[in-house]
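# Residue-level structure breakdown
Spelled out, the chains give:
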Amino acid sequence: MKRLLILGAGTAGTMMANHLRKRVNPADWRMTLIDQYPKHYYQPGFLFMPFGLYSEADVVRPKRDFIPRGLDYVEGKVERIDAEKNRVRLASGGSLDYDLLIVATGAKTAPDQTEGMTEGDWRKRVFDFYTFEGATALRRALRDWQGGRLVVHISEMPIKCPVAPLEFSFLADWWLAQRGLREKTELTYVTPLSSAFTKPICSEVLGHLLRQKRIQVVTDFNIARVDNERHRIVSWDEKEVPYDLLVTVPTNMGDAVIERSGLGDELNFIPTDRHTLQSKEHPNVFAIGDATDLPASKAGSVAHFEAEVLTKNLLHAMREEPLEKDFDGHANCFIETGYGKAVLIDFNYEVQPVQGTFPLPGLGPFSLLKESRLNHWGKLAFRWIYWNVLLKAAPMPGIGHRMSRAGKQLPAEALQAGAAA
Amino acid sequence: MPQKQINGFNIDINDEGYMTNHAQWNREVAAALAQEAGITLTDAHWRVLGFIDKDFKEKGVVAGMRRMNKVGGIPTKELYALFPDGPIKKAAKIAGYPKPASCV
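Let me begin by describing the structure that accompanies this report. The structure displayed is predicted, hence computed values, not measured ones.

### Details of the pattern of salt bridges
Considering all chains together, one arrives at 34 salt bridges over all chains under this definition. A salt bridge links Asp220 of chain A to Lys89 of chain B; the shortest N-O distance between them is 2.9 Å. Placement of Asp220 of chain A in the loop between strand E14 (216-218) and strand E15 (223-227) and of Lys89 of chain B in helix H5 (residues 87-94) is noted, with the two residues assigned to different chains. One salt bridge connects Lys4 of chain B with Glu36 of chain B, and the closest N-O pair in it is separated by 2.8 Å. Of this pair, Lys4 of chain B sits in strand E1 (residues 3-6) while Glu36 of chain B is found in helix H1 (residues 27-36), placing the two residues 32 residues apart along the sequence. Among the ionic contacts, a cluster of salt bridges with common partners joins Asp227, Arg230, Arg232 and Glu240 of chain A.

Here it is, written out as structure tokens:
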């Protein structure tokens, strides 16, 4: 009997386990899923926690609840992937040999990558909301907020859910206004990119939101260090932004096991074929979700679409058939804009976000790249869909892994020049 | 898509002046784009441009500061000295690639 190993029971790994359990004959393939952590977090919910909109119960479930029967689940830490020997060594001392390996070890924040970030101000004036602990601590800090300089900051790209810091800024504007603190708060958005909206159509359609909400934008800011004494972030070219409360998105990196195993790039992301999801170095290794170096968003929707393609390709690999170059970079994300509204975007490697309707051409009910209350309700409903449909790899009728161009207004510039081919 | 003539070559560009067809890029075009940005290309500049080119073909995106540093071996301070105020976007423009972007 042959063996398939899946490393990581987060969003992508859990979906793969559920897809493959339904499609693979257990008499031919033994499947093993390994993860060191017992809790599954609904990460999109971290955005809402600092504002008291979601609590722990909304975003945490036991991982085991989503893992199908009929495959081995090992709760343990992986010490090393020895891809030359097709073997995974566990920290507990044992090892597992594999014929096929899926790496779904995700990405995590690495605040220690920025000088001074984890020093005196950390979790006192400097917070992240990309971890459960960070979002919880920020909730407490916001409860005590009386006004001052609130700075939302991205350390470097790529980050998980690249729209989350914008959403945080929009929600902060709304939340502060509700509490009568908006006039007492200077809200600043600091990005290493050359604008808050970098895609021409998004910039044209959504650019007014920042002005309307009086959010100041500092661009081209590449952080060199956090000055804890003077409460400032300092860039490599010595620009400074003072803060009373810094909400930062620290550097995002792939899991340390990828570095230990020599399988990653400078951020521990795995060089992966952007259409087949096969490792560029090892033909029997595949990567999915945030663990890859794909030029696609690191988002749950991307993992969901990738999982459909990877399931097909794993079945091909099991039968020693050629792989399908079928992943197109499809992503689909709701962007909260505050005051009970949200924007929806649907895009891929080649097509940037545009206006239109989704999923049904002309009918919607969701509107693309346009604020609406229904989009906000869609975002809230998504939590239920995540726990009950997506993680279990149940079908999503009408939404395929290939991005549909129907229902989209596609001017010539919507096709991204130089996009990953 | 707008077009422009530069150093005797026709190139397609977007509204911000970034080339939209890399096939039209060559060293003379790069030198002229650099001049527009107030930069005279030296060997040190070419090392950065060469890395961006090689890396884009492999990764599909313009390398960030960390990758330039760790993989390309180009110190951050040097990048700022060569391409002042927003080195990555300036270097990307001269290398004929899109400016580093997010999903929106």
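Moving on from the model shown.
### A closer look at the interface of chain A and chain B
With 36 residues of chain A at the interface, the matching set in chain B holds 24 residues. A combined buried area of about 2500 Å² lies between chain A and chain B, and 54% of that area is made up of carbon and sulfur atoms. Where chain A meets chain B, there are 6 salt bridges. A salt bridge links Asp265 of chain A to Lys59 of chain B; the shortest N-O distance between them is 2.7 Å. Connecting chain A to chain B are 15 residue pairs in polar contact (both at pLDDT 80 or more). Of the residues belonging to the side of chain A that touches chain B, the class tally is 17 nonpolar, 8 polar and 11 charged.

### Some thoughts on the sheet that holds strand E5 (residues 72-75) of chain A
Residue and element names in this part refer to chain A. Strand order in the open sheet made by the 5 strands is E5-E2-E1-E9-E20, with parallel pairing throughout. The sheet is open, and its two edges are formed by E5 and strand E20 (285-287), each paired on a single side. Neighbour to neighbour, the strand axes of the sheet diverge by 20° on average, direction disregarded. In this sheet, E5 lies alongside strand E2 (residues 29-35) in parallel orientation, the contact comprising 4 bridges. Bridge assignment links Leu33 to a residue of E5, and that residue is Tyr73. Against the sheet, helix H1 (residues 11-23) contacts strand E1 (2-7), E2 and strand E9 (100-103), and its axis sits at roughly 150° relative to E1. Packing against the sheet, helix H8 (residues 300-318) makes contact with E1, E2, E9 and E20, and its axis sits at approximately 160° to E9.

### Section: the packing of helix H2 (residues 43-59) of chain B against H5 of chain B
Residues and elements named next belong to chain B. Contact geometry of H2 with H5 gives a least axis separation of 10 Å together with a crossing angle of 80°. The angle between H2 and H5 falls in the class roughly perpendicular. In this structure, H2 contributes Val48, Leu49 and Ile52 to the contact, and H5 contributes Ala91, Ala92 and Ile94.

### Let's talk about the packing of aromatic side chains
When we look at a pair of aromatic rings, we describe it by the centre distance and by the angle of the planes. Summed over all chains, the structure comprises 16 aromatic pairs over all chains. Seen in terms of ring centroids, Phe51 of chain A and Trp175 of chain A are 6.0 Å apart; in terms of plane orientation they differ by 55°. Their pairing is tilted. Taken as a pair, Phe51 of chain A in the loop between strand E3 (39-41) and helix H2 (56-59) and Trp175 of chain A in helix H4 (residues 164-178) lie far apart in primary sequence, 124 residues in all. Accessibility expressed as a relative area gives 4% for Phe51 of chain A, which makes it buried. Ring geometry for Trp25 of chain B against Trp46 of chain B: centres 6.3 Å apart, planes inclined by 65°, an arrangement best described as edge-to-face. Placement of Trp25 of chain B in the loop between strand E2 (9-12) and H1 and of Trp46 of chain B in helix H2 is noted, with a sequence separation of 21 residues between them. Site record: aromatic cluster; members linked through ring pairs are Phe51, Phe129, Tyr130, Phe168 and Trp175 of chain A. A cation over an aromatic ring shows up here: Arg61 of chain A above the ring of Trp387 of chain A, its NZ or CZ 4.6 Å from the ring centre. The ring of Tyr54 of chain A has Arg383 of chain A sitting right over it, with the charged end atom 4.8 Å from the ring centre.

Conventions used here
Residues numbered from 1 in each chain as written. Chains lettered and ligands numbered in written order. Predicted model: local features only at pLDDT ≥ 70, side-chain atom pairs only at ≥ 80, totals over all residues. Heavy atoms only, no water. Salt bridge = Lys/Arg side-chain N within 4 Å of Asp/Glu carboxyl O. Helix = DSSP H or I, 4+ residues; strand = E, 2+ residues; numbered from the N terminus. Contact = heavy atoms within 4.5 Å. Buried area = accessible area lost by both parts, 1.4 Å probe. Polar contact = N/O pair within 3.5 Å; in protein donor to acceptor, adjacent residues only side chain to side chain. Nonpolar A, V, L, I, M, F, W, Y, C, P; charged D, E, K, R; others polar. Pairing = 2+ DSSP bridges. Axes fitted to C-alpha atoms, helices over the stretch in contact; angles between N-to-C directions. Parallel < 35°, antiparallel > 145°, perpendicular 65-115°, else oblique. Phe/Tyr/Trp six-rings, centres within 6.5 Å; stacked < 30°, edge-to-face > 60°. Buried < 20%, exposed > 50% of the residue type's maximum accessible area, 1.4 Å probe, protein only. Lys NZ or Arg CZ within 6 Å of the ring centre and 35° of its normal.

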